[in-house]
Amino acid sequence: MREPVSARQSDLRTSIRPTVAEIDLAALRANATLLRQKVGPNVAIYGVVKADAYGHGAVAVARELAPLCDALAVSLAEEGMELRQAGIGGQIVVLGAYYGREHSEMIEANLTPVVYDPADLERFAQSPARRRSVSGAPLSSPLAVHLKVETGMHRLGVQGSELQRALQVIAASPRLQLAGLCTHFACADAEDFSATQKQLEQFAGVLTQVQAAGLVPGAIHAANTAATLRYPQAHFSAVRPGLALYGATPSAWVPGQGLSPVLSLRTRVMALHEVAAGAGVSYGHRFVAQRTSRIAVLPVGYADGYPRHLQGACVLIRGHKAPLAGVVCMDMVMVDVTDVPGASLGDDVVLIGRDGQQQITLDDVATWAGTLNYEITCGISKRVPRIYRHGLREVSPSAPAREESAGG
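Keep in mind it's a predicted model, so treat the numbers as computed, not measured.

### Quick look at the overall build of the chain
Now for step 1: Of regular secondary structure, the chain possesses twelve helices and 21 strands.
Now for step 2: Residues classed as buried in the chain amount to 53% of the 408 residues present.
Now for step 3: Within the chain, residue pairs in contact and separated by at least 24 positions form 67% of the contacts whose partners lie at least 6 positions apart.

Structure follows, in structure tokens:
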């Protein structure tokens, strides 16, 4: 059973509506430690906290990971600035590589840009910092940039003549330092390794061109979670794990042994009623009771990120599985508790997580929804409060991270 509402963090939402996402920071730390063991002490770990740390809460997660990772990585400049405003120091790499006209703001926030456009390199070289850095210290020069190259994803990255132009801009500008060279794998989570092998070969060719231009990138990185766990030859000098930090893997082909789930989604029974055989439940009456049934109503719906079109889904109540009864509504969902002994108002309900010997995993929910596990966590909406714990002990998400060596 969960702690009483009065024992939880002071969030008005948790004292009214019991739907919460519980984030186990001890599991997060354990996953980061496991990844460190996997890559060894000489490979840097860029902990990916983009998309609000895959729905886990970027600021709280970043505080926990900062002492364990060599750098943090986000997708958007705005995400990096949010972390800086929360007082998080250290290197923050911006992977998404879109900066609008905010190049000076990037410099002032001491964010490390990944760049795929030679024109953006020129803008960074020409953009003066109008203010001092977020720490108040004078802004350093040159600016450390990472260059992203195209090797087979066909999303972002320089290639061909653009690569040559980018290298020329960096070599000619005293304001720029090539601090990293990176690419992104398209098929690292697939059973067949051939596409990833081709990308590795092309990346090796690009590295040769970079070195021929007289440039030495400070960090070389390509590996996402799948490549980090599957392909040591793709580790280079840094890896960018995201999903594995949160206790999951992107496909059945990626080994996840030892990873601990970080997020659980829980609520409570808000109403119970009996329906007769033949009665329809929820929109469209897609569920029709085959017997006299007890139906429990839960205060969670697709507006909270619990997917609407689940097929064959269940929740856990009193250690028993209870199947969904009809489609998920915006704010509520009904479940059939006829076979749950003693089901009562206020009972704890697990939508993702463990209850006794039973467990519902992210992969379970993703399979029922016909989607990917990280879409489930990213989809949990802001109106669901995050409750942070170290194992069984609840903690404040604003507590400073403990000082600890990154180990890399």
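What follows continues from the structure just given.
### Structural notes on unusual backbone geometry
Backbone phi values are negative for most residues with the exception of glycine, while trans is the configuration of most peptide bonds.
Now for step 1: With phi around 55°, Tyr54 is a residue other than glycine that occupies positive phi space.
Now for step 2: Examined against the element boundaries, Tyr54 turns out to sit in helix H3 (residues 50-55).
Now for step 3: By relative accessible area, Tyr54 is classed as buried at 11%.
Now for step 4: The phi dihedral of Ser282 falls on the positive side, at around 70°, and the residue is not glycine.
Now for step 5: Note that Ser282 resides in the loop between strand S12 (280-281) and strand S13 (287-288).

### Regarding the sheet that holds strand S17 (residues 333-336)
Now for step 1: Reading across the sheet, the three strands line up as S11-S14-S17 and stay open at both edges, with antiparallel pairing between neighbours. The sheet is open, and its two edges are formed by strand S11 (271-275) and S17, each paired on a single side. Across the sheet, the axes of successive neighbouring strands diverge by a mean angle of 30°, strand direction being ignored.
Now for step 2: Both strand S14 (residues 293-298) and S17 contribute to a ladder of four bridges, which runs antiparallel. Each residue of the ladder has a partner; that of Leu298, found in S17, is Val333.

### Quick word on the pattern of salt bridges
Now for step 1: Enumeration according to the criterion identifies 13 salt bridges in this entry.
Now for step 2: Taking the shortest distance from any N to any O, the salt bridge between Glu64 and Arg29 comes out at 3.2 Å. Taken together, the residues Glu64 in helix H4 (residues 58-65) and Arg29 in helix H2 (residues 25-39) connect sequence positions 35 residues apart.
Now for step 3: Glu64 gets classed as buried once you look at its relative accessible area, which sits at 8%.
Now for step 4: Residue classification places Arg29 among the buried residues on the basis of a relative accessible area of 13%.
Now for step 5: Two residues, Asp347 and Arg318, come together in a salt bridge whose shortest N-O distance is 2.8 Å. Of this pair, Asp347 sits in the loop between S17 and strand S18 (348-355) while Arg318 sits in the loop between strand S15 (314-317) and strand S16 (320-323), and the two are 29 residues apart along the sequence.
Now for step 6: Judged by relative accessible area, Arg318 falls into the partly exposed class, the value being 44%.
Now for step 7: The network of salt bridges with shared partners includes Arg17, Asp304, Asp331 and Arg383.

### Some thoughts on the confidence of the model for the chain
The predicted coordinates ought not to be read in detail in places where the model reports low pLDDT.
Now for step 1: Put simply, the chain has an average pLDDT of 91, and 90% of its residues get 70 or more.
Now for step 2: Taken as a whole, residues 3-9 scores under 50 in pLDDT and shows 21 contacts with residues more than four places along the chain or in a different chain.
Now for step 3: A low-confidence stretch, residues 400-408 (pLDDT under 50), is modelled with 22 contacts involving residues beyond four sequence positions or located in other chains.

### Observations regarding helix H5 (residues 77-85)
Now for step 1: Those residues of H5 lying buried are Ala77, Glu79, Gly80, Leu83 and Arg84. Mapping the buried residues of H5 onto a view down its axis gives an arc of 160°, with all of them on the same face. Facing away from the buried surface of H5 by more than 90 degrees, the exposed residues are Glu78 and Gln85.
Now for step 2: Structurally, H5 contributes buried residues whose contacts are with H3, H4, strand S3 (71-74), strand S4 (92-94) and helix H6 (103-108).
Now for step 3: Backbone geometry just downstream of H5 places Gly87 in the positive-phi region, at approximately 85°.

Quick notes on the rules
- Residues numbered from 1 in each chain as written.
- Predicted model: local features only at pLDDT ≥ 70, side-chain atom pairs only at ≥ 80, totals over all residues.
- Heavy atoms only, no water.
- Helix = DSSP H or I, 4+ residues; strand = E, 2+ residues; numbered from the N terminus.
- Buried < 20%, exposed > 50% of the residue type's maximum accessible area, 1.4 Å probe, protein only.
- Contact = heavy atoms within 4.5 Å.
- Pairing = 2+ DSSP bridges.
- Axes fitted to C-alpha atoms, helices over the stretch in contact; angles between N-to-C directions.
- Salt bridge = Lys/Arg side-chain N within 4 Å of Asp/Glu carboxyl O.
- pLDDT = per-residue confidence, 0-100.
- Arc of directions from axis to C-beta.

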